[in-house]
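Topology and contacts: notes
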Amino acid sequence: MEHQIIGGNLPVAVLTMEAGETVITESGGMSWMTNNFEMSTNMEGGLFKGLTRKLAGESMFMTRYTCNNGQGMISFSSSFPGEIKAIPLEAGQSLICQKGAFLAGENSVNLEMHFRKKLGSGLFGGEGFILQKVTGPGMVFVEIDGSAVEYELQPGQVMKVDTGNIAMFEPTVNFNVEMVKGFKNMFFGGEGLFISSLTGPGKIWLQTMPFMNLVQRIIPHIPTSSAD
């Protein structure tokens, strides 16, 4: 399978596949394809796994697209302005991603729900307890809000991040949420009461424009009908 990502800030992943190759996506994730693909939609892993995917921001149903003959082309568009990252995962290698980040992946990739282990991270992290865990082997395509910035944290190195700006990180990275220090910082700093910390070792991917931040900026400009 080969791929290219085009479209600038409104990206699409275009995959070129050979006969017998399969790609999976959530239900409704495909944008366009040639006519030599077989489509099969089902609740991968049964009801329980379907429900956990729903909690992790994906559809309960997953769709497999298999190239039947010759060479085929299939594409998957981003749901919002940002980037699509194509990441090759080795057998057993995983990524922890924000809810809804999974766009598509090779048939060998496993997508499941991931719970934050620490209570503070779940209660105050801004996204609840649940993240997505994607495990290889295979290529995975992940959606990033805005632009992606990647850092390699050394053992013990800490990055303080607004939780909405966390796109994904390797499982070796320790994620925690802590209270902002100082009364004035808490109530007048504009960052809220809590801030996230990511502690190395491992790679982290941060995003410049979290989708919810974009929504919050747009809502005040939406006209509302006046009451009669």
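Throughout what follows, the structure given in this document is the object of discussion. (Residues numbered from 1 in each chain as written. Predicted model: local features only at pLDDT ≥ 70, side-chain atom pairs only at ≥ 80, totals over all residues. Heavy atoms only, no water.)

1. Some details on the side chain of Thr 63
This is how it is decided: For the purposes of this entry, the term helix denotes a DSSP run of H or I that reaches at least four residues, the term strand denotes a run of E that reaches at least two, and both are numbered from the N terminus. Nitrogen and oxygen atoms within 3.5 Å of one another constitute a polar contact, given that in protein one can donate a hydrogen and the other can accept it, and given that sequence-neighbouring residues count only through two side-chain atoms.
Structurally, the position occupied by Thr 63 is in strand S6 (residues 62-67). Here the side chain of Thr 63 touches Thr 41 through a polar contact of 2.9 Å, side chain to side chain.

2. Some thoughts on the environment of Thr 66
For clarity, the cut-off: Contacts are assigned to residue pairs that have any heavy atoms within 4.5 Å of one another.
Considering the arrangement of structural elements, one finds Thr 66 in strand S6. When neighbours within four sequence positions are excluded, Thr 66 is seen to be in contact with Gly 20, Glu 21, Thr 22, Asn 36, Phe 37 and Glu 38. Separated by 2.8 Å, the side chains of Thr 66 and Thr 22 make a polar contact.

3. Comments concerning the packing of aromatic side chains
Rule in force here: Two rings from Phe, Tyr or Trp (for Trp, the six-membered ring) form a pair when their centres are within 6.5 Å of each other. A pair whose planes differ by under 30 degrees is stacked, one over 60 is edge-to-face, and the rest are tilted.
The tally for this structure, following the rule as stated, stands at two aromatic pairs. Ring plane angle 5° and centroid distance 6.0 Å describe the contact between Phe 169 and Phe 175, whose orientation is recorded as stacked.

4. With respect to the sheet that holds strand S8 (residues 82-89)
For clarity, the cut-off: When DSSP locates at least two bridges between a pair of strands, those strands are taken to pair. Here an axis means a line fitted to C-alpha atoms, over the contact stretch when the element is a helix, while the angle between two N-to-C directions is reported on a 0 to 180 degree scale.
The sheet built from six strands is open, its strands ordered S5-S6-S3-S10-S13-S8 with antiparallel pairing. Of all strands in the sheet, those bounded by a partner on one side alone are strand S5 (37-42) and S8. On average, each strand axis in the sheet is inclined to that of its neighbour by 20°, with strand direction left out of account. With six bridges connecting them, S5 and S6 associate as antiparallel partners. Looking at S6, one finds that Met 39 is bridged to Tyr 65.

5. Focus: the nonpolar core
Quick note on the threshold: Nine residue types can take part in a nonpolar core, namely buried Ala, Val, Leu, Ile, Met, Phe, Trp, Tyr and Cys, and a core is a set of them joined through side-chain atoms within 4.5 Å. Any residue under 20% of the maximum accessible area for its type is buried, any over 50% is exposed, and the rest in between are partly exposed; the area is computed with a 1.4 Å probe on protein chains only.
Counting 17 residues, the largest nonpolar core has Ile 87, Leu 95, Phe 102, Val 134, Val 140 and Met 168 as the members making the most contacts within it. Secondary structure elements with two or more residues in this core: S8, strand S9 (94-97), strand S13 (138-145) and strand S16 (166-169). Among the elements that take part in this core, S13 stands out by supplying three residues, more than any other. The next biggest cluster of nonpolar side chains, apart from the first, holds 14 residues, and it includes Val 23, Phe 76, Leu 103 and Phe 141.

6. What to know about the pairing of strand S2 (residues 12-18)
Of all seven residues making up S2, five are buried, and the element is well covered by its neighbours. Pairing of strand S1 (residues 2-6) with S2, which is carried by five bridges, proceeds in the antiparallel orientation. Each bridged residue has a counterpart across the sheet, and for Gln 4 the counterpart in S2 is Val 14. Hairpin remark: S1 followed by S2, antiparallel, with five residues in the connecting loop; positive phi at Gly 7, about 110°.

7. Quick look at the environment of Tyr 151
With respect to the secondary-structure elements, Tyr 151 resides in strand S14 (residues 148-153). Taking the C-alpha atoms as reference, Tyr 151 lies 8.2 Å from Leu 206; in sequence the two are 55 residues apart.

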